[in-house]
Amino acid sequence: MKAKQISRTATSRRLRNQTLSFLYRLGCKLINVRLFTLRHRYSLYPFGITPMLAGRKLPMSHIAFSPRQRAPALPHTLSFLAEIGVPIADAAACLARAKATGRPLDEIVIGAGLISEEAFYRGLARRIGAPFLRSFATDPALPVPALNIGAAPLAPGSGARFALAPRGEALDRLLERARPGGLMPGAGVTTPSRLASSLRADIEARMAHEAANALPEASPLLSVRDGCTRRERYCLGSLAAGLLAAVAASPQLTISVLLLLCGALFLFGAALRLAACRKARGSDLPCPPLSDVALPRYTILAPLHREGRVLGQLVQALSLLDYPPEKLDIKLLVEADDAETLSAAGRLAMPPQFAVVICPPGLPRTKPRALNIGLRSATGALLVVYDAEDLPDRDQLRLAAARFAAAPRELACLQARLAPHNHAACRLAHLFALEYAALFRVIIPGFARLGVPIPLGGTSNHFRVDVLRRVLAWDAWNVAEDADLGLRLARLGWTVGALASTTREEAVITGRAWMAQRSRWLKGWMQSSLVHGRAVFRQERASPFEKLMIVSHTVGLVLAAMGFPFFLATLCWKLCDGSLLNPSGAVDGAAAIVSVLVFAVGVVALVLPLGLGARGAQLRFGAGDLALFCFYLFMMCAAAWRAAWELARNPQGWNKTEHGLSPPARSSERRVLIPRPLKNTAERPWPNRRARVAG
């Protein structure tokens, strides 16, 4: 009897879910929002990600809608605007702008302040004879992960069965087919901001979970969340035990073998740097610029945490970008408990293209988790990541858009140059600037022309949004998410290019801040070594050269940072006791030859990129700077060992870098932002957003 009752309950629940699903599809089709439930390899994972690596179907809850169409308004839309009180002359001017930019007319009218969002959608409710919904609750039985869908099923007792908030072409078609009282029985109209707030409040916990776990749940071997597998722990333990046994049995032979293996890996890395220096001397062909109409919509993600000191500078720099404002989607990603940044945002008068997105609480509290949340609601075809202190070149987005338009489809990412604006603040900042000049002006452009995997920098990464979603976005558990993503793109067959545009940022000016920042970077490289080092044994289709490049970019870099002083000390010891020049066996002889080559080639591979980068960035680089840079390398070794300690104790710990301690010199072209009360310019996705900003 009990089994029959459970069976009837399950059957009724299944019928209820099927009915809700059918009504939901029917409602969306009536306003002509194209719903597509893609199956198997076309299914959309959370954030709109295609689970190419998951290889499994997804439940009905993972559905997504096509992006809003960018069509010019129709005459019935103009008549509707006149009906709700928009002057005809203003409506005609907005229509001309919509035709010129391809942006929906309703967004331009509301963004221009000709009518408020609530008044606009109240008029829409009167036009189609539907109730206007001020408060409602969405139905948790049919969760919807996408936020820009324009419709949602409501819970019983909400006064309607569906809430509609159409925009763009969906709004045009709804007005075209509107029949007062007869269009959609049971439907109500609300504003897009209220609908987004309700959906976000309902799925806050699920959003936080998916932002952190979408990648590791779809493909655990591409994430560092679970650490080493049991087999990997067994192999590492066996390797360590074998190494200790070899040292105990024959220390001289063991040291020679280690010198030979590590020296060969270092020699390969040095050869790659020299090849990059040779390739970096050329220049890419200029790409034809795109007109304003042809420019794609661009999303800018700026993750912020305790950045009240530099938020005004960031908003000012992004406001000065040479890009049509109506084609910008700028999201400032702020943690829910970050009162400092929220208070600073509330005092700034931001342009309409800016939106403050509050990230729901969750673990891990890292930058890539915030980026995953921002990617979820990104509306652009292209996307760039900027840090809080960044000052990008004004034409950087235009250059990136033109480069993507002219490049083959395989180009998934462009890395812009990074350069500290405060390199003259102290010697440490100058050494930091020399390192960045070598990396972003020589090594990365050379690697791009060689077709070698590129470890991305943490900012000014320009992506194709569809590719970023396809490769499962950022790993929230990796504290060097930029390098990890660059290597993952290469492993999956995508390419990364270098963009000849500069973003100025702030270099740390104290030894303690430098050590904390560099140890976090190297800890992330160690995590990436674990994730991508598996490719050597698991990627059967990769050639030996590709596997060697992966090892050189991961394990080789970590070993070089941690072990180069020991390598240098061993080389000097062998030179002093004569065993370097008079080896006792074949292994000792090979180790001696490789060690000498590593020393000779390594010095050239170190100095040449520094010199070329300094010349390109117009930085001072003399004998004194070279001597200080050698000391800088020993500081990097100390940071690497600290990173190993932190990796064992707190793998996801994020050493926050304070910004605004060395502000940039004011330029005549940069205007000062005058703090004013925020007037409905930031997206308020949470019900308590106003209270948080005010507090």
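To be clear, the structure that these remarks concern was listed above.
These lines cover the structure that appears in this document, whether it is placed above or below. Quantities reported herein were computed from a predicted structural model and do not represent experimental measurements.

## A short note on the overall build of the protein
Link 1 in the chain: Along the backbone of the protein there are 23 helices and 13 strands.
Link 2 in the chain: Counting all 695 residues of the protein, 52% fall into the buried class.
Link 3 in the chain: As displayed, the protein offers around 31,000 Å² of accessible surface, 61% of which is attributable to carbon and sulfur atoms.

## Side note on the nonpolar core
Link 1 in the chain: The biggest cluster of nonpolar side chains holds 75 residues, and the ones touching the most others in it are Leu 375, Leu 383, Phe 463, Trp 474, Leu 489, Trp 514 and Tyr 632.
Link 2 in the chain: No other element matches helix 15 (residues 427-450), which puts 14 residues into this core.
Link 3 in the chain: Counting 38 residues, the second largest nonpolar core, distinct from the first, contains Leu 328, Ala 344, Phe 354 and Ala 388.

## Let's talk about the packing of helix 10 (residues 251-279) against helix 20 (residues 544-577)
Link 1 in the chain: Relative orientation of the contacting elements helix 10 and helix 20 amounts to 125°, with a least axis distance of 7 Å. Taken as axis vectors, helix 10 and helix 20 run oblique relative to one another. Pair helix 10 / helix 20 crosses with left-handed handedness.

## As for the pairing of strand 6 (residues 298-304)
Link 1 in the chain: Burial of strand 6 is extensive: seven of the seven residues sit out of reach of the surface.
Link 2 in the chain: Side-chain alternation along strand 6 places Tyr 298, Ile 300, Ala 302 and Leu 304 on one buried face and Thr 299, Leu 301 and Pro 303 on a second face that is also buried.
Link 3 in the chain: Summarising the sheet, strand 6 and strand 7 (residues 328-335) pair through seven bridges and their orientation is parallel. Bridged to Tyr 298 within strand 7 is Leu 328.
Link 4 in the chain: Since strand 6 and strand 7 lie parallel, the crossover through helix 11 (residues 311-319) that links them has a hand, and here it is right-handed.
Link 5 in the chain: Judged from the four bridges that link them, strand 6 and strand 9 (residues 382-385) form a sheet pairing that is parallel. Bridge pairing links Thr 299 to Leu 383 in strand 9.

## Structural notes on the pattern of salt bridges
Link 1 in the chain: Under the criterion given, the structure shown has 25 salt bridges.
Link 2 in the chain: For the salt bridge of Arg 488 with Asp 484, the shortest nitrogen-to-oxygen distance reads 2.9 Å. One end of the pair is Arg 488 and the other is Asp 484, both in helix 17 (residues 481-491) and four residues apart, which spans about a single turn.
Link 3 in the chain: As a salt-bridge pair, Lys 523 and Glu 646 come within 3.8 Å of each other at their nearest N and O atoms. Linking Lys 523 in helix 18 (residues 511-533) with Glu 646 in helix 22 (residues 623-649), this pair joins segments that are 123 residues apart in sequence. Accessibility assignment for this pair places Lys 523 and Glu 646 in one class, buried.

## A short note on the sheet that holds strand 9
Link 1 in the chain: Taken in spatial order, the eight strands make up an open sheet running 8-7-6-9-12-11-13-10, and their pairing is mixed. The sheet is open, and its two edges are formed by strand 8 (354-359) and strand 10 (391-392), each paired on a single side.
Link 2 in the chain: Those strands touched by helix 14 (residues 396-406) are strand 6, strand 7, strand 9, strand 10, strand 11 (411-420), strand 12 (461-464) and strand 13 (495-505), and its axis lies near 175° from that of strand 13.
Link 3 in the chain: On the sheet, helix 15 packs against strand 11 and strand 13 and is oriented at approximately 155° with respect to strand 11.

## Focus: helix 18
Spacing of three or four residues puts side chains on the same side of an α-helix, whose turn is 3.6 residues.
Link 1 in the chain: Given a rise of 1.5 Å per residue, 23 residues ought to cover 33 Å, and the 31 Å separating the end C-alpha atoms of helix 18 matches this to within 8%.
Link 2 in the chain: Taken across its 23 residues, helix 18 has 18 buried, putting it largely inside the fold.

## Looking at helix 21 (residues 586-617)
Link 1 in the chain: Taking 1.5 Å of rise per residue, 32 residues should cover 46 Å, and helix 21 covers 46 Å from first to last C-alpha, within 8% of that figure.
Link 2 in the chain: Buried within helix 21 we find Asp 588, Gly 589, Ala 591, Ala 592, Val 594, Ser 595, Val 598, Ala 605, Pro 609, Leu 610, Gly 613 and Ala 614.
Link 3 in the chain: Those residues of helix 21 that are buried lie in contact with helix 10, helix 15, helix 20 and helix 22.
Link 4 in the chain: Just beyond helix 21, the residue with positive phi is Gln 618, at close to 60°.

The rules we used
- Residues numbered from 1 in each chain as written.
- Predicted model: local features only at pLDDT ≥ 70, side-chain atom pairs only at ≥ 80, totals over all residues.
- Heavy atoms only, no water.
- Helix = DSSP H or I, 4+ residues; strand = E, 2+ residues; numbered from the N terminus.
- Buried < 20%, exposed > 50% of the residue type's maximum accessible area, 1.4 Å probe, protein only.
- Areas by Shrake-Rupley, 256 points an atom, 1.4 Å probe, with all protein chains shown as cover.
- Core = buried A, V, L, I, M, F, W, Y, C linked by side-chain atoms within 4.5 Å.
- Axes fitted to C-alpha atoms, helices over the stretch in contact; angles between N-to-C directions.
- Parallel < 35°, antiparallel > 145°, perpendicular 65-115°, else oblique.
- Left-handed = near helix turned anticlockwise from the far one by under 90°.
- Pairing = 2+ DSSP bridges.
- Right-handed = clockwise from strand over helix to strand, strands pointing away.
- Salt bridge = Lys/Arg side-chain N within 4 Å of Asp/Glu carboxyl O.
- Contact = heavy atoms within 4.5 Å.
- Expected span 1.5 Å × (residues − 1).

All quantities given are derived from atomic positions and should not be read as evidence of function.
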